[in-house]
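Each chain is listed here by its residues.
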Amino acid sequence: MNRPVVGYAPGAYDMFHVGHLRVLERARSECDLLVAGVATDDVVSSAKERPPVIPFEERLEIVSSIRYVDQAVPDPHVDKYLTWQRIGFHVLFKGDDWRGTTRGRELEAKLARVGVRVVYFPYTDSVSSTLLRRRLSVTE
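Because the structure is a prediction, the values reported are computed rather than measured.

Thresholds, definitions, all that
- The written sequence of each chain sets the order in which its residues are numbered from 1.
- Per-residue local features of the predicted model are confined to residues with pLDDT of at least 70, and side-chain atom pairs are confined, for both listing and counting, to 80 or more; whole-chain, interface and lining totals are unaffected and use all residues.
- Values shown for side chains rest on all heavy atoms present in the structure; no hydrogens or waters enter the calculation.
- The rule is simple: take the accessible area with a 1.4 Å probe, protein chains only, and divide by the maximum for that residue type; under 20% is buried, over 50% is exposed, in between is partly exposed.
- Each helix is a run of H or I in the DSSP string that is no shorter than four residues. Each strand is a run of E no shorter than two, and both are numbered from the N terminus.
- One bridge is not enough; two strands pair if DSSP finds at least two bridges between them.
- When the strands point away from the viewer and the connection leading from the first strand across the helix to the second strand turns clockwise, the crossover is called right-handed.
- Only one rule defines a salt bridge in this text: a Lys or Arg side-chain nitrogen within 4 Å of an Asp or Glu carboxyl oxygen.

Trainee: For this particular structure, what's the right way to read the pairing of strand E4 (residues 91-95)?
Mentor: Buried residues dominate E4, accounting for five of its five residues. Burial along E4 is two-sided: the residues Val91, Phe93 and Gly95 and Leu92 and Lys94 are all buried. One ladder, built from two bridges, connects strand E1 (residues 6-11) with E4; its direction is parallel. Note on E4: the bridge partner recorded for Tyr8 is Leu92. When E4 meets strand E5 (residues 117-121), the two strands line up parallel, connected through five bridges. By the bridge assignment for E5, Val91 is matched with Arg117.

Trainee: Whenever I open this one, the pairing of E1 confuses me. Can you help?
Mentor: For a regular strand, side-chain orientation follows a simple rule: the groups alternate between the two sheet faces. Among the six residues that make up E1, five are buried, leaving the element largely enclosed by the rest of the structure. When E1 meets strand E2 (residues 33-39), the two strands line up parallel, connected through six bridges. Counterpart to Ala9 in the pairing with E2 is Ala36. Tracing the backbone out of E1, into helix H1 (residues 18-29) and back to the parallel element E2 gives a crossover that is right-handed.

Trainee: Mind showing me how you'd approach the pattern of salt bridges here?
Mentor: If the charged atoms of two oppositely charged side chains come close together, the side chains can form a pair. Tallied over the entire structure, the rule returns five salt bridges. Residue Asp41 pairs with Arg59 through a salt bridge whose shortest N-O separation is 2.6 Å. Within this pair, whereas Asp41 is found in helix H2 (residues 41-48), its partner Arg59 is found in helix H3 (residues 56-64), the two being separated by 18 residues in sequence. Between Lys110 and Asp79 there is a salt bridge; the shortest N-O distance is 2.7 Å. One end of the pair, Lys110, is in helix H5 (residues 102-112); the other, Asp79, is in the loop between strand E3 (71-75) and helix H4 (80-87), and 31 residues separate them in sequence. With relative accessibility at 29%, the residue Lys110 sits in the partly exposed group. For Asp79, a relative accessible area of 27% gives the class partly exposed.

Here it is as structure tokens:
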């Protein structure tokens, strides 16, 4: 009997928008069980050099309610290998802005050693949390 393929879709999921929804929908179509990792406020602040707009607990609740997500979990790690040790996923889904970068190649190599594939999805060009922040700052 085949074991179910567990996918992992990490993200900040700040100011949840249609781009986030499309990533989760597409990720779910490529695995049997989708776990969404919601970055903690500390991780978001460190990675993006600014705090998230939406607090962690609210982001976790929003992502948990998406029908494509089987389970939403806190993600306190920048290093997804540490997350793999905790969850044991088979496929990691990332935005294609990581493809071909030093970070992306290092991630692929590290996860390949434990049999994890990295699948890249295109960003939704028309919307992002960064664009939403810019629009809000112009209208204030």
